[in-house]
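Chain residues, written in single-letter form:
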Number of protein chains: 4
Amino acid sequence: MNKYRLEALSDGVFAILMTLLVIELHVPEIFEKLNNLELFNALIALIPKFSAFFLSFIVITMMWVSHHTFMAKFTRVVNRRAVILNAFLLAAVSLIPFSANLIGTYTYNQTAIIWYGLNIILVGIMGNILWYYVTGNDELRNKDFKPKELLQARIRTSLNPLFALLGILVSFAVPTLSYILYAFPVVFNLIPGSLDMLEKAFGIDLERIAEERLK
Amino acid sequence: MNKYRLEALSDGVFAILMTLLVIELHVPEIFEKLNNLELFNALIALIPKFSAFFLSFIVITMMWVSHHTFMAKFTRVVNRRAVILNAFLLAAVSLIPFSANLIGTYTYNQTAIIWYGLNIILVGIMGNILWYYVTGNDELRNKDFKPKELLQARIRTSLNPLFALLGILVSFAVPTLSYILYAFPVVFNLIPGSLDMLEKAFGIDLERIAEERLK
Amino acid sequence: MNKYRLEALSDGVFAILMTLLVIELHVPEIFEKLNNLELFNALIALIPKFSAFFLSFIVITMMWVSHHTFMAKFTRVVNRRAVILNAFLLAAVSLIPFSANLIGTYTYNQTAIIWYGLNIILVGIMGNILWYYVTGNDELRNKDFKPKELLQARIRTSLNPLFALLGILVSFAVPTLSYILYAFPVVFNLIPGSLDMLEKAFGIDLERIAEERLK
Amino acid sequence: MNKYRLEALSDGVFAILMTLLVIELHVPEIFEKLNNLELFNALIALIPKFSAFFLSFIVITMMWVSHHTFMAKFTRVVNRRAVILNAFLLAAVSLIPFSANLIGTYTYNQTAIIWYGLNIILVGIMGNILWYYVTGNDELRNKDFKPKELLQARIRTSLNPLFALLGILVSFAVPTLSYILYAFPVVFNLIPGSLDMLEKAFGIDLERIAEERLK
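Residues numbered from 1 in each chain as written. Chains lettered and ligands numbered in written order. Predicted model: local features only at pLDDT ≥ 70, side-chain atom pairs only at ≥ 80, totals over all residues. Heavy atoms only, no water.

Brief notes about the overall build of chain A
Each helix and strand counted, chain A has ten helices and zero strands in total. Mapped in sequence order, the helices and strands of chain A form the string α-α-α-α-α-α-α-α-α-α. Considered along the principal axes of its C-alpha atoms, chain A spans approximately 70 × 40 × 30 Å. The contacts in chain A between residues at least 6 apart in sequence include a share of 79% that link residues at least 24 apart. (Helix = DSSP H or I, 4+ residues; strand = E, 2+ residues; numbered from the N terminus. Contact = heavy atoms within 4.5 Å.)

Written out as structure tokens, the structure reads:
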């Protein structure tokens, strides 16, 4: 099966999920119409919802970037199993609008915060299952990539669930700090060459590790 | 008419239907805000809805796989009639989010269970009408495929409605067992070489049957 | 500007509109849960909504076919004005889910029936403005098509608004008959060679008319 | 990273946002069913909502045209940062359906009018950040375009936020006049050669300015 229609389907799902987020932003409609100041206050009261919307928009974008990288660089063709595993991944991503709405409504509620983190982790697990299956399958995987590139892509993809796990642990101490941890991978990816800097700072030789692990 | 824009339109519809499923997952919003434990319980109470969401996500994915296979392998071009028949198929698939919501709300209600099965069967019928029309039309069908491949694709496509029919019958005895039957074709397709195993187990020679029936 | 991204955008809009139709099919949720029979009756009561859904799904499909034909056969490139005129057309099509919901709720109300017809006519007008602009513009239009083909496409595209107008007129006598007239163009397009039959039946020579009008 | 899947994702988001606008057009459903005249009046009462829908549909189209132009003409490839900046832009556009609904509900409320203008300005800022980043980056930008074309595209893209700013200022005097200013860039773009006319009318030599500024 060629991979382009699967990419198209996945792009569609990602695009819709991003925009579904906005559906839950309801215009304040009270029985009596609000005047200028009242409407202003009603909009200010929506700030938690807007923040949840924005955080989730960016989180889904990072998931899309990861999906895009794996499909474009490391996948040659797909088979029926890869399509089903991809569906599991998309199903996990599809829960993000619900989870976004949950933290938008229950911003300071630990259950909501943990739920949101679990959703990110679920996406991370499903993504890893899919990509390990594809890149470990000689028929499906693309042959001409450097081992280091694959390792880097895997590290980037694992940042989201790892920081989500950290966020969940932190929620037992300072719940709102969790949000910063959930958002961190986006900031990390915005800094150019962030992964190389990390490599140097900790004296890790990704190239060597990659060669050893993937050969 | 070339087939690519019809594929794109259909992909769009499939992608949207998958994600529409999530719209019906409403955040529990009670008059008084819930505390941690109450919100946890409210989320637990949503498990039937989540299950209906997940089942339907995977069911729509299988329908998409079937659509993809027929369009990619067996279709060369489409005409106005194929487009309309394809619209009938998509309309049937479009009812799945409604049906998913129905079994999410009325999980143990036999009417809901039968309705869900009927929806799968309707999709099966519409799909068969479309694919018999296309693969039976010398102008539209692709010429270079093996008869066995077509037969295999038809068998796989028929698994969903067949097990849905079984699920409906079973609902008169053990309603919840129906869900397992509705989900079965997905499991079957996840097992690599499952169709070949079946072929050997029952001593059927699909190749010979295909040659006889399609020549 | 090349036409392919405009096609993709339009396909997206058409696909979403088709599936938005289903959003208005709400699962009957009464305060007390319904038993098997009550749920069955509640579903039966939804038949007008299902019919409006199905009619509109097919009507939007016909609009898509018309859009597809003009873009694929008669358009070479697009410019900023064509994009804006295309947006007017899409905006008119975007009202269909609202109108579908209107006739689904007020099936026997003449205001709703006329509104639905007006929506189809609005789409027809916007479509004609766009296609006359494109096919009348030497920079935008494709050069290698037969005049007869263009005339045929225009006739097919005009069937929807013409029968909608007829449906509106008929609504003053027998409101429900209007629905049959709204659906007629779909049936007409399902019959193979229907336009040729009409040509012969009425002794019209489309080829000659086309040559005269478009030269 | 090649740019085509980013275009596809963005097209998906734009298409969905256009159609999401219609979701907020709710069919008047009163406890007692309305008769012909009552339904007619209920539809007339929806005119502010229809106007907000139509204005926003066209505003989003203009944003799409701007996005399309920059991607097609001035962008060669994209990187991870461009994808994230593009996500910021899409997130800003994603708020339009909410803002459209706001002015549809609170048509004469200055807070709503200013909010709508601010949304357009936010899109303008995000768009400018993205396009300045891409066109200022030698790896990402396309090389073969005329400086004048880039300047023209930038002017067109800045029309929306500039007139939105004007609309906000005007809202302190005549709130409803703001809407005309918000809609003006669309009218401007519908007039063929409008930018050239402006160039001549004010005796500006865009070509020279562009060469100076961009060399």
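Overview of the environment of A:I47
Here A:I47 is to be found in helix α3 (residues 47-74). Each C-alpha atom of the pair A:I47 and A:L85 lies 36 Å from the other, and the pair is 38 residues apart in sequence.

Quick notes on the packing of helix α4 (residues 80-94) of chain A against helix α3 (residues 47-74) of chain B
Where α4(A) meets α3(B), the axes come as close as 10 Å, and the angle between the chain directions of the two elements is 140°. As far as their axial angle goes, α3(B) and α4(A) are oblique. Crossing hand, α4(A) versus α3(B): right-handed. Counting all contacts with α4(A), which are made through A:R80, A:V83, A:I84, A:A87, A:F88, A:L90, A:A91 and A:S94, the residues of α3(B) involved are B:F53, B:F54, B:F57, B:I58, B:T61, B:M62, B:W64, B:V65 and B:T69. A per-class count over the contact of α4(A) with α3(B) returns 13 nonpolar, three polar and one charged. (Axes fitted to C-alpha atoms, helices over the stretch in contact; angles between N-to-C directions. Parallel < 35°, antiparallel > 145°, perpendicular 65-115°, else oblique. Left-handed = near helix turned anticlockwise from the far one by under 90°. Nonpolar A, V, L, I, M, F, W, Y, C, P; charged D, E, K, R; others polar.)

What to know about the interface of chain A and chain B
Listed per partner, the contact involves 32 residues of chain A and 43 residues of chain B. For the pair chain A and chain B, the two sides together bury roughly 3500 Å², of which 73% comes from carbon and sulfur. Where chain A touches chain B, the interface holds two salt bridges. Here B:D11 makes a salt bridge to A:R5, at a shortest N to O gap of 2.7 Å. Counting the contacts that link chain A with chain B gives four residue pairs in polar contact (both at pLDDT 80 or more). (Buried area = accessible area lost by both parts, 1.4 Å probe. Salt bridge = Lys/Arg side-chain N within 4 Å of Asp/Glu carboxyl O. Polar contact = N/O pair within 3.5 Å; in protein donor to acceptor, adjacent residues only side chain to side chain.)

Details of the packing of aromatic side chains
By convention here, two paired aromatic rings are described through the distance between centres and the angle between planes. Enumeration according to the criterion identifies 44 aromatic pairs over all chains in this entry. With centroids separated by 4.7 Å and ring planes inclined at 10°, the aromatic side chains of D:F70 and D:W131 adopt a geometry described as stacked. Of this pair, D:F70 sits in helix α3 (residues 47-74) while D:W131 sits in helix α6 (residues 110-135); the two residues are 61 residues apart in sequence, bridging distant segments of the chain. Residues D:F70 and D:W131 agree in their burial class; the two are buried. One aromatic cluster is present, formed by A:F50, D:F98 and D:W115 through successive ring pairs. Above the plane of the ring of A:Y132 lies A:R154, whose end atom (NZ or CZ) is 3.9 Å from the centre. (Phe/Tyr/Trp six-rings, centres within 6.5 Å; stacked < 30°, edge-to-face > 60°. Buried < 20%, exposed > 50% of the residue type's maximum accessible area, 1.4 Å probe, protein only. Lys NZ or Arg CZ within 6 Å of the ring centre and 35° of its normal.)

Focus: the arrangement of the chains
The smallest C-alpha distance separating chain A from chain C is 9 Å, and no contact links them. One thing to see here is that chain B and chain D don't touch, and their nearest C-alpha atoms sit 9 Å from each other.

Focus on the relation of the copies chain A and chain B
Mapping chain A onto chain B leaves a residual RMSD of 0.0 Å; the transformation is a rotation of 90° accompanied by 0.1 Å of translation along its axis. Each copy turns onto its partner about a four-fold axis. Among all residues of chain A, the one whose C-alpha sits closest to the rotation axis is A:G12, at a distance of 4.3 Å. Interface residue correspondence from chain A to chain B reaches only 6%, placing this contact among heterologous pairings that use different surfaces. (Least-squares fit on C-alpha atoms with pLDDT ≥ 70 in both.)

Re the side chain of D:S10
Residues and elements named next belong to chain D. Mapped onto the secondary structure, S10 falls in helix α1 (residues 4-23). Exposure remark for S10: the relative accessible area of 0% places this residue in the buried category. Looking at S10, its side chain comes within polar contact range of the side chain of N86, at 3.1 Å.

A look at the interface of chain A and chain D
A common measure of how large an interface is: the accessible area buried when the components associate. Counting residues at the interface gives 43 residues for chain A and 32 residues for chain D. Approximately 3500 Å² of surface area, both sides summed, lies buried where chain A meets chain D, with 73% of it carried by carbon and sulfur atoms. The interface formed by chain A and chain D contains two salt bridges. The salt bridge involving D:R5 is made with A:E7; its shortest N-O contact spans 3.6 Å. Connecting chain A to chain D are four residue pairs in polar contact (both at pLDDT 80 or more).

Some words on the environment of C:L162
Relative to the assigned elements, C:L162 resides in helix α7 (residues 147-170). Each C-alpha atom, one on C:L162 and one on C:L181, is 9.5 Å from the other, the two residues being 19 residues apart in sequence.

A look at helix α8 (residues 177-190) of chain C
Helix length check: α8(C), at 14 residues, gives a terminal C-alpha distance of 20 Å against a target of 20 Å (1.5 Å per residue), a fit within 8%. Regarding α8(C), the residues found buried are C:S178, C:Y179, C:L181, C:Y182, C:P185, C:V186, C:F188 and C:N189. Residues of α8(C) that are buried make contact with α4 (80-94) of chain B together with α3 (47-74), α5 (96-105), α6 (110-135), α7 and α9 (194-201) of chain C. (Expected span 1.5 Å × (residues − 1).)

Some thoughts on the side chain of C:S56
With respect to the element layout, C:S56 can be found in helix α3. Polar contacts involving the side chain of C:S56 include one to the main-chain carbonyl oxygen of C:A52, which spans 2.7 Å.

Quick look at the packing of helix α6 (residues 110-135) of chain A against helix α7 (residues 147-171) of chain A
All names here are of chain A. Running from N to C, α6 and α7 cross one another at 160°; their axes reach a closest spacing of 8 Å. Our classification of the angle between α6 and α7 gives roughly antiparallel. As for the relative orientation of α6 and α7, their crossing is left-handed in sense. Contacts between α6 and α7 involve Q110, I113, I114, G117, L118, I120, I121, G124, N128, Y132 and T135 from the first element and L150, R154, S158, N160, P161, A164, L165, I168 and S171 from the second. A breakdown of the residues in the contact of α6 with α7 according to their chemical character gives eleven nonpolar, eight polar and one charged.

A closer look at the confidence of the model for chain A
Close reading of the predicted structure is inappropriate where its pLDDT is low. Residues and elements named next belong to chain A. Confidence in the prediction of chain A, expressed as mean pLDDT, is 85, and 97% of residues score 70 or more. Within chain A, helix α10 (residues 206-214) has the poorest average pLDDT of any element, 73, and α6 the best, 92. Taken together, the chains of this predicted complex give a pTM of 0.85 and an interface ipTM of 0.82. (pLDDT = per-residue confidence, 0-100.)

Looking at the environment of C:V59
Residues and elements named next belong to chain C. Checked against the element boundaries, V59 lands in helix α3. Distance in space between the C-alpha atoms of V59 and G167 is 14 Å, their sequence separation being 108 residues. Those residues in contact with V59 that sit more than four places away from it in its chain are Y116, I120 and Y182.

Details of the pattern of salt bridges
In the structure shown here, the tally under the stated rule is twelve salt bridges over all chains. Connected via shared salt-bridge partners are A:R5, B:E7 and B:D11.

As for helix α4 (residues 80-94) of chain D
The first and last C-alpha atoms of α4(D) sit 21 Å apart over 15 residues, in line with the 21 Å expected at 1.5 Å per residue. Most of α4(D) is tucked away, with 13 of its 15 residues classed as buried.

Remarks on a nonpolar patch on the surface
A cluster of nonpolar side chains, contributed by A:L37, A:F40, A:I44 and A:I47, occupies part of the molecular surface with about 390 Å² of accessible area. Here A:F40 is to be found in helix α2 (residues 36-44). (Patch = residues over 30% accessible without salt bridge, like charges linked within 9 Å, V, L, I, M, F, W, Y side chains within 5 Å. Areas by Shrake-Rupley, 256 points an atom, 1.4 Å probe, with all protein chains shown as cover.)

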